[in-house]
Each structure stands twice: as C-alpha cells, then as structure tokens.
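Residues per chain, in single letters:
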Amino acid sequence: MIPAETRFVKSHEYVLPQPDGVLVGISGYAADQLGDVVFVELPPVGTKLKKGASFGVVESVKAVSDLYAPIDGEVVAVNDALNAEPALVNEDPCGRGWMLRVKASDAAQIQGPEFMAPADYDKFTGEH
C-alpha cells in the first residue's frame, strides 16, 4: 500500500515526506519496467542533490537507468540494504526498497505541479 502523502514525478521517482527527512526511491511501475534489479549505485551521505540532476544508477537484467533527484537537498541516509539485496527495489519499492533519505532544501517543492498524487501517477502510467 502506497502512503497517500507519496508524490511521484514523470521520471518515475517518488518522494515520501517523513519527520526526519524525505524518502526518495523509484515507483513500482518503474521497477516493473526495469525487470529484476541487480545493482543500485547511490551517492554517499552528505551529497547535495539538485532537482532534475542524476544522483545514481539502477541496473537491471534489461537496462541501466539513471536516477534523477526529484527535489533539491542533502542526502542524510542511504539504504545500505540495497547493496546486499537490490531486489528490494522490485519487491517493495515504496517501502524497504527506498533509496535515499534527503533533507530538503525547500520542503514546499513537493507541492509543485510536477508532483503527482498516487492516483494521478497511476493515470499517467496507464496503470488504472
């Protein structure tokens, strides 16, 4: 179940606001399109993210894809579990498969028009 406060961008990353930062990852739709994820390359803690810039790479049996920062901010945590279990991205992308925790430079960015609620994202992807 995707939390209602989750927001998605057209490049298929999501943001999920939490008390200690914003979780960032890729959507279940993106994970399904990629196929079995075999490797995830993420930036170290302390990295400054610029909205729209690449912050890492996800590699699957089908393709290698860049990951794009949905917001400006600083990486405060990285999901190290993905090093040993990259398949978590496929199994639980909006849960245990999260990628980064980011301290947003401007939390209001998430309210921008490019951020879609779960139902709107489903319409965008044609999932519903």
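Structure: above.
Residues numbered from 1 in each chain as written. Predicted model: local features only at pLDDT ≥ 70, side-chain atom pairs only at ≥ 80, totals over all residues. Heavy atoms only, no water.

Caption draft 1: Main features of the overall build of the protein chain. The helix and strand inventory of the protein chain stands at four helices and nine strands. Scanning the protein chain from its N terminus toward the C terminus, one meets helices and strands in the order β-β-β-α-β-β-β-β-β-α-α-β-α. Taking 14 Å as the expected radius of gyration for a compact globule of 128 residues, we find that the protein chain reaches 13 Å, a close match to that expectation. Principal-axis analysis of the C-alpha atoms gives the protein chain an extent of 35 × 35 × 25 Å. Counting over 128 residues, the protein chain shows a buried share of 45%. When the accessible surface of the protein chain is totalled, it reaches about 6600 Å², and 52% of it is carbon and sulfur. The averaged location of the 19 negative side-chain charges in the protein chain is 7 Å from the averaged location of its 10 positive side-chain charges. (Helix = DSSP H or I, 4+ residues; strand = E, 2+ residues; numbered from the N terminus. Rg over C-alpha atoms; globule rule 2.2 N^0.38 Å. Buried < 20%, exposed > 50% of the residue type's maximum accessible area, 1.4 Å probe, protein only. Areas by Shrake-Rupley, 256 points an atom, 1.4 Å probe, with all protein chains shown as cover. Lys, Arg positive; Asp, Glu negative; His and termini not counted. Charge placed at Lys NZ, Arg CZ, Asp CG, Glu CD.)

Caption draft 2: Layout of the sheet that holds strand S1 (residues 7-8). Spatially, six strands are ordered S1-S2-S3-S9-S8-S5 in an open sheet, and the strand pairing comes out antiparallel. With one partner strand each, in any of the chains shown, S1 and strand S5 (48-49) form the two edges of the open sheet. Pairing of strand S3 (residues 21-26) with strand S9 (residues 100-104), which is carried by three bridges, proceeds in the antiparallel orientation. Of the residues in S9, the one forming a bridge with valine 22 is valine 102. (Pairing = 2+ DSSP bridges.)

Caption draft 3: Spatial organisation of the sheet that holds strand S7 (residues 64-68). Ordered by their spatial adjacency, three strands build an open sheet running S4-S6-S7, and the pairing between neighbours is antiparallel. Of all the strands in the sheet, the pair left with one neighbour each is strand S4 (37-41) and S7. For this sheet, the mean inter-axis angle between neighbouring strands, taken without regard to orientation, is 25°. (Axes fitted to C-alpha atoms, helices over the stretch in contact; angles between N-to-C directions.)

Caption draft 4: Quick peek at the nonpolar core. Of all hydrophobic cores here, the largest spans 27 residues; its most connected members are Ile26, Val40, Leu42, Phe55, Val89, Met99 and Leu100. Sorting the residues of this core by element identifies S3, helix H1 (28-34), S4, strand S6 (54-60), strand S8 (73-78), helix H3 (88-91) and S9 as the ones contributing at least two each. Apart from the residues lying within four places of it in its own chain, the contact partners of leucine 42 are Phe55, Leu67, Val78, Leu82, Met99 and Leu100. Counting residues in each nonpolar core, the second largest holds nine residues, with Phe8, Leu23, Cys94 and Met116 among its members. (Core = buried A, V, L, I, M, F, W, Y, C linked by side-chain atoms within 4.5 Å. Contact = heavy atoms within 4.5 Å.)

Read these as geometric descriptors, not functional statements.
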